[in-house]
Amino acid sequence: MELSLAVSPCPNDTFVFHALIHGLVPGAPPVNLTFADVDVTNTAALDGRFDLVKVSYAALPWLLDDYELLHCGGALGRGCGPLVLAREPFAAGDAGPAGKADLTGKTVAVPGDRTTAYLLFRLWSAEHPPARIEVVPFHQIMPGVAAGRYDAGLVIHEARFTYQRYGLTALADLGEWWESDTGLPIPLGAILAKKGTVDPAEATEWIRASLRHGWLDPAASREFILANAQEMEPDVVNQHIELYVNEFTLDLGRDGLAAVDALLGRAAAAGLTPAVSISEDQSSNSRATA
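Report follows, based on the coordinates.

The rules behind the values
- Residues numbered from 1 in each chain as written.
- Predicted model: local features only at pLDDT ≥ 70, side-chain atom pairs only at ≥ 80, totals over all residues.
- Heavy atoms only, no water.
- Helix = DSSP H or I, 4+ residues; strand = E, 2+ residues; numbered from the N terminus.
- Buried < 20%, exposed > 50% of the residue type's maximum accessible area, 1.4 Å probe, protein only.
- Areas by Shrake-Rupley, 256 points an atom, 1.4 Å probe, with all protein chains shown as cover.
- Pairing = 2+ DSSP bridges.
- Axes fitted to C-alpha atoms, helices over the stretch in contact; angles between N-to-C directions.
- Contact = heavy atoms within 4.5 Å.
- Phe/Tyr/Trp six-rings, centres within 6.5 Å; stacked < 30°, edge-to-face > 60°.
- Lys NZ or Arg CZ within 6 Å of the ring centre and 35° of its normal.

**Some thoughts on the overall build of the protein**
The helix and strand inventory of the protein stands at eleven helices and eleven strands. In terms of overall dimensions, the protein has C-alpha extents of about 55 × 40 × 35 Å along its principal axes. Across the 290 residues that make up the protein, the buried fraction comes to 55%. Summed over all atoms, the accessible surface of the protein reaches about 12000 Å², with 48% contributed by carbon and sulfur.

What follows is the structure in structure tokens.
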């Protein structure tokens, strides 16, 4: 058996999956790796293209007939939410904990139409929605906003460490807004296992073993991470891993599952996604062990 795996080349994914990809997890099958940004995997998963795949939590309502959510390996946490960036602050509308800039009449670049970032943005900006949304490759968003091609941009991942270099300002941190509003961590990227192809309990243990290997011997994955980090500097790579690889990566737990339910429940109530419920009882994933 060969396992087809699709994850992003971002440092959190390469850190988590390094040992599994390189045959360092006892009992795990060989891996056929595909690197792709999450907006690409959201679409590829609709065709059942991969056995294990990283997708946006926002895409789950369209995928759970064919895939099962694993309770490990993904990106979920606190202080790690998407940012809304612009060259200059906009006039504030109804100010909330993170501020709600008035985007009326504006053009906003986003990294994908089924990303968690965009779903959060739609919930956050419902009272002052922009006039136009453009889906733009992630690496083009900050330069495009800096050049004036877009009034604002929605960014994720390492952009929270580097946006000042483009002369941009943060209109809002959607993670801060979400946490202030719900008290829950923010669910960003999920790992799914294809039903009928991969045993979710086995896959969960493979991924947890790979993650533990990374924590025990971080130097082992360093070259692989840097080679795929899309020109990130080493200190940014370190910040990225420290922020996005955390206790929720090992196990979603009750808070993580509650966060996913809250996100998808609010999205369905707003008519943005089909209704779906994620509960602890729905998954046969094994629980994390010490």
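**What about the sheet that holds strand β9 (residues 152–155)?**
The five strands lie next to each other as β8-β7-β9-β6-β10, forming an open sheet whose pairing is mixed. On the outer flanks of this sheet lie β8 (132–135) and β10 (169–173), each paired with one strand and no other. If you compare each strand with its neighbour and ignore which way they point, the axes differ by 25° on average. In this structure, strand β6 (residues 83–86) lies alongside β9, joined through three bridges in antiparallel fashion. When the sheet's bridge partners are listed, Leu85 is paired in β9 with Gly153. Helix α4 (residues 138–146) rests against β6, β7 (107–110) and β9 of the sheet, and its axis sits at about 150° to β9. Packed onto the sheet, helix α6 (residues 174–182) meets β6, β9 and β10 and runs at close to 25° relative to β10.

**Considerations on the pairing of strand β1 (residues 3–7)**
Counting buried positions along β1 yields five of five residues, so the element is predominantly enclosed. Of the two faces of β1, the one carrying Leu3, Leu5 and Val7 and the one carrying Ser4 and Ala6 are both buried. Two elements, β1 and strand β2 (residues 31–35), share five bridges in a ladder whose sense is parallel. Note on β2: the bridge partner recorded for Ser4 is Asn32. Here two bridges tie β1 to strand β3 (residues 52–56), and the two strands are oriented parallel to one another. Within the sheet, the bridge partner assigned to Ala6 lies in β3 and is Val53.

**So, the packing of aromatic side chains**
Under the counting rule described, the total for this entry stands at three aromatic pairs. For the pair Tyr118 and Phe121, a centre-to-centre distance of 6.3 Å together with 20° between the ring planes defines the contact as stacked. Residue Tyr118 and its partner Phe121 are both found in helix α3 (residues 116–124); the two are separated by three residues, about one turn of the helix. The class for Tyr118 is buried, based on a relative accessible area of 12%. When the centroid spacing of 5.9 Å and the interplanar angle of 45° are considered together, the rings of Phe121 and Trp124 count as tilted. Highlighted residues: Phe121 and Trp124, both in helix α3, separated by three residues, approximately one helical turn. Residues Phe121 and Trp124 agree in their burial class; the two are buried. Feature note: the residues Tyr118, Phe121 and Trp124 constitute an aromatic cluster, connected by ring pairs. Sitting above the plane of the Trp62 ring, Arg114 keeps its charged end 3.8 Å from the centroid.

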